[in-house]
Amino acid sequence: MGKYILRRSFFAIPVIFSVVFLVFIAMHIAPGDPIDLLLPPDSPWVSDDGRAEYEAELRTRLGLDQPLHIQFLSYAGNLLRFDFGDSLYSKQPITNELLPRYQATLELTILAMGISILIGISVGVLSAVFANSWLDSLITFVALAGVSIPSFWLGLILMLVFALGLGWFPPSGRPASAFTAEGIRFVVLPAATLGIASAGILVRITRSQMLEVLEEDYVRTARSKGLREARVVLRHGLRSALLPIVTVLGIQFGSLLAGAVVAETVFAYPGVGRYLLQAVSNRDFPAVQSGALFVALTFVLVNLLVDMTYAFLDPRIRYS
Amino acid sequence: MTNTYITRILVLCLMLSLLFGTSVLAQDDMMGCGATGGELVVALNADLYSADAQMGGTIASVNYNMAIADLLVVMGAEGPAPWLIESWDATLDGVYTWNIRQGVTFHDGTPLNAEAVKFNIERLLNPDNEFRYGVYFRRTEEINVIDEYTLEIVNSSFDVEFMDRMINISIVSPTAVQEMGADFVNAPVGTGPFKFVSYTPGERIVLERNENYWQEGKPCVDSLTFRVIPEEAVRLIELEAGTVHVAMDMAASVEQARSAGLEMITTPQRGQQMVYFNLSRITDPLVRRAVNHALNRQAIVTNVFQDMSIVGYYPMPPSVWAYDDTIQTFPYDLDESNRLLDEAGWVMGDDGIREKDGEKLSWDMPSSNIPSRQQASEMIVGMLHEVGIQANLQVMEHLTYLNSVRGGEYDIAYWEWAGSTSDPWAYSGGLHSNYAWNPTQFGDPELDKFLDAALVSLDRDERKALYNEYFTEVMANTYLANIAFKPAVAASRPEVQGVQFLGGRLLFESTYIE
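Let me begin by describing the structure that accompanies this report.

1. Looking at the pairing of strand β6 (residues 140–147) of chain B
Residue and element names in this part refer to chain B.
Phase 1: Where β6 meets strand β7 (residues 150–155), six bridges bridge the pair, whose relative direction is antiparallel. Considered in β7, the bridge of T140 is made with N155.
Phase 2: Remark: two residues form the turn of the hairpin made by β6 and β7, two consecutive strands paired antiparallel.

Structure below.
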């Protein structure tokens, strides 16, 4: 197992390198100049002749006048020393800016994942057990709606109903970590917004997997042994159906991480998604690159975890 | 009996006079605070660039900057007005004498004086700091402390723009900067009505009352919290829920906010909304005039800006002192527009698009993806189509659009800016050959002369005459098409009073919660 993890980690290196490289290229070929926003923003009408000179000076200072490959090499070199650089705007070290936001996004994603698993798997199993009944049709319809509703809209509706209407939760913000008494109330709505959309997909996968498994011989055997139906479904059925579900969960985690940007914007939640969005519109090159790197690393790590879970779920799978 | 009666009346009179007297006294002390105490929560539309007020930044940042660190001057109705600089003199050779307000101290007890202001300017100018407002002092050759409260700035030349730009400069404590170094940003110190408590990037900034603020009795509230809420719809929900007292940038929610019983706070309409022509491509003045006549400005104001903007046919808002209503303008008139296009030789084709010598009257029109700008651009496309002009709208991310317009990669473009200064020079841009901002790709030395002369004159009548001549010429050639002027719009809960708008920025020192 240890050897396997080591080998997988090794394969992660080209993935991470590609991400760093592609994001770097994408940011630099996109039109738009960070200098535009580094100069006074309120009116571009300045008659001051010194402005052009100042622009050139700023460009040199930030290394933006260097050829692209030199810029990339110096960036990659700093990364190897775990130096993510400073934001072009706030002038603050990016690590300082990114880590609290990364924590916020992880909290949000993990809770959303929890909600998604809770709803997705239980409703999916229910749907399979009562296959082709009115309940099944209803669940399929709601799941489809869940997948199709834009999370921006869902977020606002949840906010209107549960924050403004019922007053159960505060509308937006994150004054404290989600794992504190104060913070937990703030994370419920954004986590639900993210979780509900992803639960729709899980319901559908769980349902189809369970339907397949419930037809298997060993399930029939279990039933004929006189086991209780609940035990048949959960112990013999669900456990075997879980393997593909876990794979989907791994991918879902990635899309939750990416989808968090919408929930973070709507719920004024200070996470990596919103940070990245802001950094992209500011052309804050180092901030975008580091943010993307963090997200990519998380994704790689989660997929490694998913692969390791296989061995636990199916004892036939062995890694050597 | 009578004695007792008289005594009673006397006592009553005494009590009444005391009551009356104290209430007047209390009012004087509070200088407009209808109530004191409470925690004020304000929603910003974007995060700060930095908690260091000297970094400047977006309009959202400036609201915070003004709370923690006072500005040198503020934007008055007719140009810069005194703030930390109590009065000033300027000579035509570029020497500015600033009289600094006395009796002001920073939150750390350091007194504000000429030396402190000098330190701040030098900090802005230090290239290592990369502060964006350093650019305003590029022509500063000397900064001389004349006495404790008098500072002399010697620039290589005079212009009106310089003092106007000082509305962006916040002053911070030199002692704190020197002692804290790079950590200053984590505990910034200014002279403002509120003191720094904490900043959670992307989430909130918490400030507390400055007991020793130079405006006695202010601020009215105990604490001020800025929350970063990027979505306007969410700011509205927070206001309705009562979790936020004041929200900036609410221009698209005026109707909903009013029906929810919220108050709208607006500035005079000085933000400019206009159409730029790329004058190197659209060279026929008849065609440009036809566009002016084709624009139904009122429809744009009503549908996109919820009637908060006012229609304006030439690039000067009526609230600016140099405004002149005798300048010829070209209002909405479809018949005239069609007639001019016919006259220019563009014949209506079968597909509703005009043609001349086999060429279609078809233009590239980039638009920002900021919703209100995109909507305005879409309406303009429709209006142009009515007279047979095809505008190919390309909606792009804001900075990309900015770059296209700046670089002249367009034929026609809808443009907006916030209008945070009230001097006429700010409305004259876009056509000067030597200005950094020249999206029209145009230059006429004869026209430049008016602007150059108006910028270096201290005589208001002379300046007004120069701008009048300039805009008469601009309109005669219809070098651009103005649409309207917009205000900055904020909303507040009904129990909140005394929110002040100064040049588009919100000021909370007199704000109180009833």
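Past the structure itself, the notes keep going.
2. Examining unusual backbone geometry
Phase 1: For the bond running from K218 of chain B to P219 of chain B, omega is 0°, close enough to zero to count as cis.
Phase 2: Mapped onto the elements, P219 of chain B comes out in the loop between β9 (204–209) and β10 (223–228).
Phase 3: At K91 of chain A, a position not held by glycine, the phi torsion is positive, near 65°.
Phase 4: Along the polypeptide, K91 of chain A turns up in the loop between α4 (68–80) and α5 (94–129).

3. Points about the sheet that holds strand β21 (residues 480–486) of chain B
All names here are of chain B.
Phase 1: Across the sheet, which stays open at both edges, the four strands sit in the order β14-β21-β13-β20 with antiparallel pairing between neighbours. Bordering the open sheet on either side are β14 (310–311) and β20 (412–417), each of which pairs with just one other strand.
Phase 2: For strand β13 (residues 271–277) and β21, the ladder comprises six bridges, and the chain directions are antiparallel. Within the sheet, the bridge partner assigned to V275 lies in β21 and is A481.
Phase 3: Against the sheet, helix α9 (residues 297–304) engages β14 and β21, with an angle of about 35° to β21.
Phase 4: Against the sheet, helix α12 (residues 398–406) touches β13 and β20, its axis set at about 115° to β20.

4. Focus on the state of the cysteines
Residue and element names in this part refer to chain B.
Phase 1: In this structure the tally under the stated criterion is one disulfide over all chains.
Phase 2: Each disulfide pairs two cysteine sulfurs, and for C33 the partner residue is C220, the sulfurs being separated by 1.8 Å. On the sign convention where negative means left-handed, the S-S torsion of about -85° between C33 and C220 marks this disulfide as left-handed. In this pair, C33 is assigned in the loop between α1 (2–30) and β1 (39–44) and C220 in the loop between β9 and β10, connecting sequence segments 187 residues apart. Judged on exposure class, the residue C33 and its partner C220 are both buried.

5. Quick word on the interface of chain A and chain B
By convention, interface size is frequently given as the accessible area that disappears when the constituent parts associate.
Phase 1: Each partner contributes residues to the interface: chain A has 48 residues there, and chain B has 57 residues.
Phase 2: Regarding the contact of chain A and chain B, the summed buried area is about 4700 Å², with carbon and sulfur atoms giving 56% of it.
Phase 3: Between chain A and chain B we count four salt bridges in total.
Phase 4: Across the pair R138 of chain B and E57 of chain A runs a salt bridge whose closest N-O atoms are separated by 3.6 Å.
Phase 5: Run the count over chain A and chain B and you get nine residue pairs in polar contact (both at pLDDT 80 or more).
Phase 6: When residues of the side of chain A that touches chain B are traced back to their parent elements, those giving at least two are α2 (34–38), α3 (50–61), α7 (151–165), α10 (229–266) and α11 (272–282) of chain A.

6. Things to note about the sheet that holds strand β16 (residues 354–356) of chain B
All names here are of chain B.
Phase 1: With respect to topology, three strands assemble into an open sheet ordered β15-β16-β17, the strand pairing being antiparallel. What marks the edges here is a single partner per strand, and that holds for β15 (347–348) and β17 (359–360).
Phase 2: Relative to β17, β16 runs antiparallel, the two sharing two bridges. The residue of β17 that forms the bridge with E355 is K360.

How each quantity is defined
- Residues numbered from 1 in each chain as written.
- Chains lettered and ligands numbered in written order.
- Predicted model: local features only at pLDDT ≥ 70, side-chain atom pairs only at ≥ 80, totals over all residues.
- Heavy atoms only, no water.
- Pairing = 2+ DSSP bridges.
- Helix = DSSP H or I, 4+ residues; strand = E, 2+ residues; numbered from the N terminus.
- Contact = heavy atoms within 4.5 Å.
- Axes fitted to C-alpha atoms, helices over the stretch in contact; angles between N-to-C directions.
- Disulfide = S-S within 2.5 Å.
- Buried < 20%, exposed > 50% of the residue type's maximum accessible area, 1.4 Å probe, protein only.
- Buried area = accessible area lost by both parts, 1.4 Å probe.
- Salt bridge = Lys/Arg side-chain N within 4 Å of Asp/Glu carboxyl O.
- Polar contact = N/O pair within 3.5 Å; in protein donor to acceptor, adjacent residues only side chain to side chain.

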